[in-house]
Structures are given as structure tokens and as C-alpha cells.
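Coordinates in review
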Amino acid sequence: MTTDPFMTRALELGRGVRRLTAPNPWVGCVIERDGVMVGEGATSPPGGLHAEAAALAAAGERARGATVFTTLEPCAHQGRTGPCTEALIRAGVARVVSAIEDPDPHVAGRGHDALRAASVTVDVGIGGEDATHDLHPYLVHRREGRSFVVIKTATSLDGRVTASDGASRWITGAAARADAHELRADSQAVVVGSGTALADDPVLSVRDTQPPFGPPPLRVLVDGRGRVPATGALFDLALAPTLVVTTGRAPQAARDAWVAAGAAVEMAAAGANGGVDPGELLRVLARLGVLQALVEGGPTLHGAFFEAGLVDRVVAYVAPVVLGAGGLGGYGVDPGPPLAQARRFRLTQAAALGDDVRLEYEVRTNG
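Rules used in this analysis
Residues numbered from 1 in each chain as written. Predicted model: local features only at pLDDT ≥ 70, side-chain atom pairs only at ≥ 80, totals over all residues. Heavy atoms only, no water. Phe/Tyr/Trp six-rings, centres within 6.5 Å; stacked < 30°, edge-to-face > 60°. Helix = DSSP H or I, 4+ residues; strand = E, 2+ residues; numbered from the N terminus. Buried < 20%, exposed > 50% of the residue type's maximum accessible area, 1.4 Å probe, protein only. Contact = heavy atoms within 4.5 Å. Pairing = 2+ DSSP bridges. Right-handed = clockwise from strand over helix to strand, strands pointing away. Axes fitted to C-alpha atoms, helices over the stretch in contact; angles between N-to-C directions. Parallel < 35°, antiparallel > 145°, perpendicular 65-115°, else oblique. Polar contact = N/O pair within 3.5 Å; in protein donor to acceptor, adjacent residues only side chain to side chain. 1 Å grid on protein atoms, 1.4 Å probe; cavity = no way out; pocket = protein on both sides within 12 Å on 5 of 7 lines; lining within 4 Å. Points joined across faces, edges and corners; volume = space filled by probe spheres on them. Nonpolar A, V, L, I, M, F, W, Y, C, P; charged D, E, K, R; others polar.

Turning next to the packing of aromatic side chains. The final tally for this structure, using the stated rule, is two aromatic pairs. A centroid spacing of 5.9 Å and a plane angle of 85° characterise the contact between F306 and F345, whose relative ring orientation is edge-to-face. Highlighted residues: F306 in helix α11 (residues 299-308) and F345 in strand β15 (residues 345-353), separated in sequence by 39 residues.

Turning our attention to the environment of V290. With respect to the helices, strands and loops of the structure, V290 is situated in the loop between α10 (278-287) and β12 (292-297). A relative accessible area of 3% places V290 in the buried class. Setting aside chain neighbours within four positions, we find V290 in contact with H141, S147, Q188, A189 and L285.

A word on the pairing of strand β8 (residues 189-193). The element β8 is extensively covered by neighbouring structure, given that five of its five residues are classed as buried. What you see with β8 is no split at all: A189, V191 and G193 on one side and V190 and V192 on the other are buried throughout. As paired strands, β8 and strand β9 (residues 218-222) are joined by five bridges and run parallel to one another. Bridge pairing in β9 places V192 opposite L221. The parallel pair β8 and β9, bridged by helix α8 (residues 194-200), forms a crossover whose chirality is right-handed. For β8 and β12, the ladder comprises four bridges, and the chain directions are parallel.

Glancing now at the packing of α10 against α11. The description of two helices packed together rests on the angle between their axes and the distance between the axes. Interaxial distance between α10 and α11 falls to 9 Å at its minimum, and their mutual angle equals 95°. Classified by the angle between their axes, α10 and α11 sit roughly perpendicular to one another. Together, P278, L281 and L282 of α10 and A304, F305 and A308 of α11 make up the contact between the two elements.

Moving on, we get to the side chain of T71. With respect to the helices and strands, the residue T71 is situated in the loop between β3 (67-70) and α3 (84-91). Reaching out from T71, the side chain makes a polar contact with the backbone nitrogen of G28 at a distance of 3.2 Å. For T71, the contacting residues outside a window of four places in its chain are M7, A10, L11, W26, V27, G28, A99, I100, A131 and L135.

On to empty space enclosed by the protein, then. If you walk through the whole model with that rule in mind, you get one cavity of 30 Å³ or more. Its boundaries defined by the atoms lining it, the largest cavity holds a volume of some 40 Å³. A10, L11, G14, R15, W26, T71, A131, D134 and L135 are the residues that line the largest cavity. Residue assignment for the lining of the largest cavity shows that the elements contributing at least two residues are α1 (5-16) and α5 (128-134). At four residues, α1 tops the list of elements feeding residues into the lining of the largest cavity. Counted by class, the lining of the largest cavity contains five nonpolar, two polar and two charged residues.

Below is the structure:
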């Protein structure tokens, strides 16, 4: 965790706009001169000012000879807005401190090179660990061309994800369900499989979250065989947009019905089990600007992502209830790997939410 107060503030500013900026990164910027903050800014929604430009506008002439702290390398290319490097050079800043380099192919060190070529001192790495964590979905999207995956699951004390009647709603209490809505708000897509859609008729909208309020996440139904009819909450487009990702195995009549109901439909390759290939699904979502996809279920879909090695983070809610042998457990991976080969995750957070427990894990990267 960084101890530099200016970078700490820049990180706070970036976190504050996380829900507003996709497919752009949520960046914060602070301008310091003679030990005093003279300007700050954060990335606006697409088409608006980048963090550096916003901070420069706030600082005005006080930016000349100042140090700029930014959570991500300034851009050096023309997009919907002009290059931030040019704005920094014109403003006469003396030094730029970037937490991390931007892996976007349009940037990838070019921003820092342009600044150095203009005799601006560049330092990289202060606050790097924090910025990498904060911007992890963006970094995966730009480096791998896929959406970052958060698996969200709720289980009973005996490891069941559904009851004997097939129901999976309301396993957890109100506090955990409210927290799950914050997870949805942080994501650009919420994903379910056909089994969950048929069993629960989920709404998948964001409700009762803390501001800021960004665009509603895309509701994504993964149905490779055309099992889910174009009815119910998922096809009420007044709530949020819906995308169905399917394969050539889905009947044309099902695809036509989804389109007639107002949903977007994308075709994808089939995986080994005949359903939608998880990697292909993530590439489709990435192309649509989804940085983070929250995969809510069910067990078969979760299992496909685990088996493909495409899980970046897991948020597990454990409820104080026992559902017994009639409930369904596990993640649908059949057969599962031997214990010695099972993928391990690293616990990053643990918290009580009422009588439930929230556990957050990330992929273990160092054995």
C-alpha cells in the first residue's frame, strides 16, 4: 500500500469513478507543486475528459513546473479526446509519476516516451500494487482481449448451492444480497446460464446501491441450445439490456424469438460439452466493452469457467443454513481434478455480513 499522500489521493479519485468510465480505465490524477495539491481530476464517462486533462484544467497556470501523480500512464494517441501527454507538455509540468504502465496497444510505454522526449521527468511504480489491484479488470481486458471474470456464488454451510427443490434464491440474508448488488454495479455485464434462467427467472438488475450510478450492466444469458423462452424478467428490456450468447445448436426459431423480444443475440463457438465456449464468450463481451463480467451462475456455467482456467476472482457468500443431501453442490466439473492438481486461490478478504460470511479470493500467482 502506497504511503505517498498524493498518489493515495489519486487512487481514491480513480475508485470514485469506477462505475462510470468503461470501456476506459478509471484513473485518478493529482497535481502537486511545492508540496501543495493544486489540481485533481478523474476520468469522465466516455467522450469526456481524461483524469490528467481534468486535473490540468483545475490547476491552470499552477501546473507549470509541477509534479503530476496519475494512477495509469498518460495516453499518447488521439481517441475521442486528445493525447494527455501533449496536454501535460503544453502545461509545462516538470515531472510525471505514474503508478503503472498502460498495456493498451495504443499506449504501452509511448506516453512515457513522449514525456521523456519533451524533457519531462518520468517515474513509474509509486502506488503500483494498489493501482494494479484497482485496475485489474482493465489490465486483463487490454492484455488478453477478454473480460475479467468474477465468479459470485452463495452456498450453505454444507456446501450446497441449491435446495432439494432446485431453488437457489434467498440462501443468503439481506446484507449479503445487498453486497451482491454492489458487485453487479461494479461490473459491465452480469452472466447466467440457461439452467439458472429456467429455474429462477432472474431479474439481474442493480437495485439499492451506493452512488455513483453508472449505466445498468448488460444482462447476459448463456444458452447454447436455445432452451430459454423469450419471456420473463430477462426479456423485460425496461429493466436493463439483454444479450443472449448462443451457438449453432440453438434452433433458429429460438434465436428469432429472442431478437423479436428485443434482446441482442451473438453467436459463439461451442465448447467441449456442447455449450458456449467460455473463452469465446469472454471475447464477445470484451468486444462489446465489458471490462468485468460477474458470473452469477449456475453450477454448470461456473464449472465451465473453472475448468477453462478463466476465473480471476471469486466472491463466495456462505449462509448459516444446512440444505442436506437433496441439495446440489459443487461447480459442475466432471470429473474434477485430483487434489494435488486442483487450482488454488488466495484469500484476499473475509467479512461478516449479518449472519453470512463473505469470502473473496484471487488467482494464486506464485504457487
